[in-house]
Amino acid sequence: MEPAAADLADGRTAEAARAVVEQLEMLWERGRDAVPTAPVSTSQLRVLYTLDQQDGINLRDLGRQIGAAPSSASRLCDRLQAIGYLHRSFSSTDRREVTLRITSLGRAYLSELRAHREEELASTLAAMTAQERDALMSGLAAFRKAHDAATARAAARASAAPSPEPGGEGGERPADTRRAADLTAAHHVLPRTA
């Protein structure tokens, strides 16, 4: 494919992906609206997703994972701790380091949220043929692999760059990387194929 044609195809692909993401955002919000427990912001939800995958992470690493300065990550954790979704404790190896853990209440919230979101997705997925669902799964797996590689490259660049916050670690990631990180959460609700 010639460079001009490749650029055009990439533009169409990005446009189609954007449209799907917007539809997913609407489905996600309907799923969130259906959960009767305490409301959680999108940023707080990223913290819960991260803790669900990396329970016991420290605040500095959490900030890097969610693309937030340590002070911002700390405020998010304050709010989640206040509603009982997160527990902080001092590390057993370094008393200056705080370990973050998702609570059973936080896990229950995620479980209920995911269940509602899966229900929202199920009606759309049911309207697709098995072959279309398989193609979707293949495409999503390829997208996730590419996203993970892009995120790793962005993290490597960010760790090589000087810290934008005096005395701090990391900082805000570019908006496109944060948005891509939000998409990573989609793998939690996709049906598995045999």
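Residues numbered from 1 in each chain as written. Predicted model: local features only at pLDDT ≥ 70, side-chain atom pairs only at ≥ 80, totals over all residues. Heavy atoms only, no water.

1. Let's talk about the packing of helix α2 (residues 42–53) against helix α3 (residues 59–66)
Across the interface, α2 lies against α3 with an axial gap of 10 Å and an inter-helix angle of 115°. As α2 runs across α3, the sense of the crossing is right-handed. Two secondary-structure elements touch here, α2 through Arg46, Val47 and Thr50 and α3 through Leu62, Gln65 and Ile66. Class assignment for the residues of the contact of α2 with α3 results in 3 nonpolar, 2 polar and 1 charged. (Axes fitted to C-alpha atoms, helices over the stretch in contact; angles between N-to-C directions. Helix = DSSP H or I, 4+ residues; strand = E, 2+ residues; numbered from the N terminus. Left-handed = near helix turned anticlockwise from the far one by under 90°. Contact = heavy atoms within 4.5 Å. Nonpolar A, V, L, I, M, F, W, Y, C, P; charged D, E, K, R; others polar.)

2. Examining the confidence of the model for the protein chain
Averaged over every residue, the pLDDT of the protein chain is 77; the share at 70 or more is 73%. Of all secondary-structure elements in the protein chain, the lowest mean pLDDT belongs to helix α7 (residues 175–184), at 42, while helix α4 (residues 70–82) reaches the highest, 93. Every residue in residues 166–194 is under pLDDT 50, and counting partners more than four places away or in other chains gives 50 contacts. (pLDDT = per-residue confidence, 0-100.)

3. Comments concerning the packing of α3 against α4
Taken N-terminus to C-terminus, the directions of α3 and α4 make an angle of 100°; their axes are 9 Å apart at the nearest point. Classified by the interaxial angle, the pair formed by α3 and α4 is roughly perpendicular. Between α3 and α4, the residues in contact are Leu59, Leu62, Gly63 and Ile66 and Pro70, Ala73, Ser74, Leu76 and Cys77, respectively. For the contact of α3 with α4, the per-class residue count stands at 7 nonpolar, 2 polar and no charged. (Parallel < 35°, antiparallel > 145°, perpendicular 65-115°, else oblique.)

4. Observations regarding the sheet that holds strand β2 (residues 86–90)
Either a parallel or an antiparallel arrangement is found when strands of a sheet pair, and the pairing is made through backbone hydrogen bonds. Pairing in this open sheet of 3 strands is antiparallel, and the strands run β1-β3-β2 from one edge to the other. Edge positions in the sheet fall to β1 (57–58) and β2, since each of these pairs with one other strand and no more. In this fold α2 packs onto β1, β2 and β3 (98–102), with an angle of close to 95° to the strand it touches most, β3. Its contacts with the sheet put α4 on β2 and β3, and the angle it makes with β2 is roughly 115°. (Pairing = 2+ DSSP bridges.)

5. A short note on the nonpolar core
Counting 22 residues, the largest nonpolar core has Val47, Leu48, Leu62 and Leu100 as its most contacted members. Residue assignment for this core shows that the elements contributing at least two residues are α2, α3, α4, β3 and α5 (104–126). When residues in this core are grouped by element, the largest group, 5 residues, is from α2. The contacts of leucine 48, once residues within four sequence positions are left out, are Val40, Leu80, Tyr85, Ile102, Tyr109 and Leu110. (Core = buried A, V, L, I, M, F, W, Y, C linked by side-chain atoms within 4.5 Å. Buried < 20%, exposed > 50% of the residue type's maximum accessible area, 1.4 Å probe, protein only.)

6. A look at the pairing of β3
In this structure, β1 lies alongside β3, joined through 2 bridges in antiparallel fashion. Within β3, the position partnered with isoleucine 57 by the bridge is leucine 100. Inspection of the sheet shows β2 paired to β3 by 5 bridges, in the antiparallel sense. By the bridge assignment for β3, leucine 86 is matched with isoleucine 102.

7. Some words on α5
Side chains of residues three or four places apart in an α-helix project in the same direction, reflecting 3.6 residues per turn. Compared with the 33 Å implied by 1.5 Å per residue over 23 residues, the 32 Å span of α5 between its first and last C-alpha is a close match. Turning to α5, its buried residues number three or more, namely Gly106, Tyr109, Leu110, Leu113, Arg114, His116, Arg117, Leu121 and Leu125. (Expected span 1.5 Å × (residues − 1).)

8. What to know about the pattern of salt bridges
Here the structure, examined in full by the defined rule, presents 7 salt bridges. A salt bridge links glutamate 22 to arginine 18; the nearest nitrogen and oxygen atoms lie 3.0 Å apart. Residue glutamate 22 and its partner arginine 18 are located together in helix α1 (residues 3–33), separated by 4 residues, close to a single helical turn. Of the residues examined, glutamate 22 reaches a relative accessible area of 38% and is grouped as partly exposed. Its salt-bridge partner being arginine 101, residue aspartate 55 comes within 3.9 Å of it at the nearest N-O pair. One end of the pair, aspartate 55, is in the loop between α2 and β1; the other, arginine 101, is in strand β3, with 46 residues separating them in the sequence. Residue aspartate 55 is classed as partly exposed on the basis of its relative accessible area of 32%. (Salt bridge = Lys/Arg side-chain N within 4 Å of Asp/Glu carboxyl O.)

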